[in-house]
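Here is how the chains run, residue by residue.
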Amino acid sequence: MDNRRLAILLSGRGSNFVAIHEAIRRGDLNATICCVISNVAEAAGFGRAREFGLKAECLPSKGADREAYDRRLVEKLIKYDPALICLAGFMRILSPAVIRAFPKRILNIHPALLPSFPGLHAQRQALEHGVKVSGCTVHFADEGVDTGPIILQRAVEVREGDDEETLSARILEQEHQAYWRAIALVLDRMNAGAG
Ligand code: GAR
């Protein structure tokens, strides 16, 4: 039977989550969001999930022991039986235990053309390096930071006079196009049995 259930993990603004939700609502992405999990209670994205009437749970990570936290996260995720777990600005590094619990089922989005500029402040790193093209990457999460097989990328030109804010805004527009398309590709492949 098809499983098109998405678990979304976020920590902040949640604009990528909202873009995925809208793609589902428009009928562009054949999927359902089974839960939104935030590690930050005040995250704007968490509030949006509640407004949308989605199952939204907060699992606060502040001060938590990493291993214990990740164990609780895995237990919670298993309960929702997601086909895919989509990291959407989830600002925590997942321990190998989480990655191994869901092999090839955790997706991440990153605001650079990986393998360039992994980690924090990817757009600032790109500007500092003077690249003329940057963009965004959707990839499977593995045990590294912003590593793992690439599913889809979108390029964004770096313009004369760009600063972190203007470049980030143009990359974000592309993130909102890229993430749901990457999810659709992977779900179609999984549900066709080739996953
Ligand atoms: C996005 O730009 C995403 O690519 C980035 O965090 C932002 C979250 O925005 N993720 C990373 O840098 C992961 N290394 P959002 O909360 O509005 O979706």
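Use the structure listed above.
Overview of the structure. (Residues numbered from 1 in each chain as written. Predicted model: local features only at pLDDT ≥ 70, side-chain atom pairs only at ≥ 80, totals over all residues. Heavy atoms only, no water.)

## Concerning helix H3 (residues 66–80)
As a reminder of what qualifies: Put simply, DSSP marks the helices as runs of H or I at least four residues long and the strands as runs of E at least two long, and each gets a number from the N terminus on. To estimate the expected span of a helix, subtract one from its residue number and multiply by 1.5 Å. Accessible area is worked out with a 1.4 Å probe on protein chains only. A residue is then buried under 20% of its type maximum, exposed over 50%, and partly exposed in between. Our arc is simply the arc of the directions from the helix axis toward the C-beta atoms. Throughout, a residue-residue contact means that at least one pair of heavy atoms, one from each residue, lies within 4.5 Å.
Between its first and last C-alpha, H3 extends 21 Å over 15 residues, near the 21 Å set by a 1.5 Å rise per residue. For H3, the set of buried residues is Tyr69, Asp70, Leu73, Val74, Lys76, Leu77 and Tyr80. For H3, the buried positions fall inside an angular range of 170° around the axis, keeping them on one side. Exposed residues on H3 whose side chains face more than 90 degrees from its buried face are Glu67, Glu75, Ile78 and Lys79. Of the surrounding secondary structure, the elements contacted by the buried residues of H3 are strand S1 (5–10), strand S2 (32–38), strand S3 (56–58), strand S4 (84–87) and helix H4 (96–101). Positive phi appears at aspartate 81, one or two residues downstream of H3, with a value of about 50°.

## Topic: the environment of alanine 49
Along the chain, alanine 49 falls in helix H2 (residues 44–51). Sequence spacing of alanine 49 and isoleucine 37 is 12 residues, and the spatial spacing of their C-alpha atoms is 9.2 Å.

## A look at the packing of helix H1 (residues 15–26) against helix H6 (residues 164–191)
Packed helix pairs are specified by the crossing angle of their axes together with the interaxial distance, meaning the distance between the axes. Going by this rule: Only the contacting stretch of a helix is used when fitting its axis, a line to C-alpha atoms as for every element, and angles between N-to-C directions run 0 to 180 degrees. Oblique is the label for every angle not falling under 35 degrees (roughly parallel), over 145 degrees (roughly antiparallel), or within 65 to 115 degrees (roughly perpendicular). For a crossing to be left-handed, the near helix must be turned anticlockwise from the far one by less than a right angle; the clockwise case is right-handed. In the scheme used here, Gly and all other residues not listed as nonpolar or charged are polar, with Ala, Val, Leu, Ile, Met, Phe, Trp, Tyr, Cys and Pro taken as nonpolar and Asp, Glu, Lys and Arg as charged.
Between H1 and H6, the shortest axis-to-axis distance is 9 Å and the interhelical angle comes to 55°. On the basis of their axis angle, the class for H1 and H6 is oblique. Seen from above, H1 lies across H6 with right-handed handedness. Of the residues in H6, those in contact with Ser15, Asn16, Ala19, Ile20, Ala23 and Arg26 of H1 are Leu172, Glu175, His176, Tyr179, Trp180 and Ile183. Of the residues assigned to the contact of H1 with H6, the class counts are 7 nonpolar, 3 polar and 2 charged.

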